[in-house]
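Structural description and commentary
Below are the chains, spelled out letter by letter.
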Amino acid sequence: MVTNAASFGRSGVHDYILLRASAVILACYTIFLVGFIACSSPLTYDVWHSLFSALPMKVFTLLALVALLVHAWIGVWQVLTDYVKCTSLRGVLQFTFVVTVFCYLAAGIVIVWGV
C-alpha cells in the first residue's frame, strides 16, 4: 500500500471524515455567532469582550480555528495534487501553505487567549 506523507489523514476516507467534521464545527460556530449578533440588541465592545473572555468561547473559537485550518489544508492539498504536476513546485507551495497555516494558528492562539 502506498502512503502519502502530504495527506492530512491516512486515506481518502479519513480526509472525507475530517472535511465533514470540520464543516460541522464551522457551521455550528457560524450559527452561534450569527444568533448571538442577532439576539444582542446593543452590540457593544463590552458585550463582545465578555463573550470572548469566557473560557467555553475561547475553546470553541480555537476549535473552529483548527477546523478551518484542517479544512483548508485538505482542500489545498487536493487542488495542488490535481493541478500542479511539477513535484518540486507542489512541494514548495505545500510548504509555504503549511508555514502560513502554523502562523495563523499561532496568531489565533495569541489573539484568543490574550482577551
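The written sequence of each chain sets the order in which its residues are numbered from 1. Owing to the predicted nature of the model, reporting of local features is limited to residues with pLDDT of at least 70; listing and counting of side-chain atom pairs is limited to 80 or more, with chain, interface and lining totals taken over all residues. To obtain the side-chain values, all non-hydrogen atoms of the structure were used and water was disregarded.

As annotated in an unreviewed UniProt entry, the protein chain is Succinate dehydrogenase hydrophobic membrane anchor subunit from Shewanella septentrionalis. UniProt positions are given in the numbering used here, feature names are shortened, and annotations may be inferred rather than shown by experiment. As its UniProt record puts it under Function (unreviewed entry), the protein chain is described as follows: "Membrane-anchoring subunit of succinate dehydrogenase (SDH)." Regarding the protein chain, the UniProt comment filed under Pathway (unreviewed entry) reads as follows: "Carbohydrate metabolism; tricarboxylic acid cycle."

The subject of this paragraph is helix H4 (residues 87-113). Helix and strand assignments come from DSSP, with helices taken as H or I runs of at least 4 residues and strands as E runs of at least 2, each series counted from the N terminus. For a helix, the expected span equals 1.5 Å multiplied by the number of residues minus one. The end-to-end C-alpha distance of H4, which contains 27 residues, comes to 39 Å, matching closely the 39 Å that a straight helix rising 1.5 Å per residue would cover. Those residues of H4 that fall on the buried side of the exposure criterion are Arg90, Gln94, Val101, Gly108 and Val112. Close packing links the buried residues of H4 with helix H3 (55-83). Exposure is judged per residue with a 1.4 Å probe applied to protein chains only, and the accessible area is read against the type maximum: over 50% gives exposed, under 20% gives buried, and values in between give partly exposed. A contact between two residues is defined here by any heavy atoms of the two lying within 4.5 Å.

Another point: a nonpolar patch on the surface. On the surface, a nonpolar cluster with roughly 370 Å² of combined accessible area is contributed by Leu55, Val59, Ile109 and Trp113. Every element with two or more residues in the nonpolar patch is listed here: H3 and H4. Inspection of the secondary structure assignment puts Val59 in helix H3. Since its relative accessible area comes to 46%, Val59 is described here as partly exposed. Residues with no salt bridge and a relative accessible area higher than 30% make up the patches, which join like charges within 9 Å and nonpolar side chains (Val, Leu, Ile, Met, Phe, Trp, Tyr) within 5 Å. To measure how exposed things are, a 1.4 Å probe is used in the Shrake-Rupley method; for residues, cover is taken only from the protein chains shown. Salt bridges are defined by distance alone: a side-chain nitrogen of Lys or Arg within 4 Å of a carboxyl oxygen of Asp or Glu.

According to UniProt, the positions carrying the feature "transmembrane region" (unreviewed entry) are residues 17-38, 59-80 and 92-113. The straight-line gap between the two end C-alpha atoms of residues 17-38 is 31 Å; of that span, 100% is helix and 0% is strand. The span residues 92-113 is 100% helical and 0% strand by assignment, and the distance between its end C-alpha atoms comes to 32 Å.

As recorded in UniProt, the feature "binding site: a ubiquinone" (unreviewed entry) lies at Tyr83. With respect to the element layout, Tyr83 can be found in helix H3.

Bringing the packing of helix H1 (residues 12-39) against helix H2 (residues 45-53) into the picture now. Axis lines are fitted through C-alpha atoms, for helices just across the contact stretch, and the angle between N-to-C directions can take any value from 0 to 180 degrees. Between H1 and H2, whose axes approach to 12 Å, the crossing angle comes to 150 degrees. For the element pair H1 / H2, the angle class is roughly antiparallel. The chirality of how H1 crosses H2 is right-handed. In this structure, H1 contributes Tyr29, Phe32, Leu33, Phe36 and Ile37 to the contact, and H2 contributes Val47, Trp48, Leu51 and Phe52. The residue makeup of the contact of H1 with H2, split by class, is nine nonpolar, no polar and no charged. Our angle categories are set so that under 35 degrees counts as roughly parallel, over 145 as roughly antiparallel, 65 to 115 as roughly perpendicular, and the remainder as oblique. For any pair of crossing helices, the crossing counts as left-handed if the nearer helix is rotated counterclockwise from the farther one by less than a right angle, and right-handed if it is rotated clockwise. Following the grouping adopted for this structure description, the nonpolar residues are Ala, Val, Leu, Ile, Met, Phe, Trp, Tyr, Cys and Pro, the charged ones are Asp, Glu, Lys and Arg, and the polar ones are all others, Gly among them.

Mapped onto the elements, Thr61 comes out in helix H3. Apart from the residues lying within four places of it in its own chain, the contact partners of Thr61 are Tyr29, Phe52 and Val112.

Here Ser40 is to be found in the loop between H1 and H2. With relative accessibility at 16%, the residue Ser40 sits in the buried group. Any N or O atom pair separated by 3.5 Å or less is treated as a polar contact, with the protein-specific requirement of one donor-capable and one acceptor-capable atom, and with residues adjacent in sequence counted only for side-chain atom pairs. A polar contact is formed between the side chain of Ser40 and the backbone oxygen of Phe36, at a distance of 2.8 Å.

Topologically, Val76 is positioned in helix H3. For the pair formed by Val76 and Leu93, sequence separation is 17 residues and the distance between their alpha carbons is 9.5 Å.

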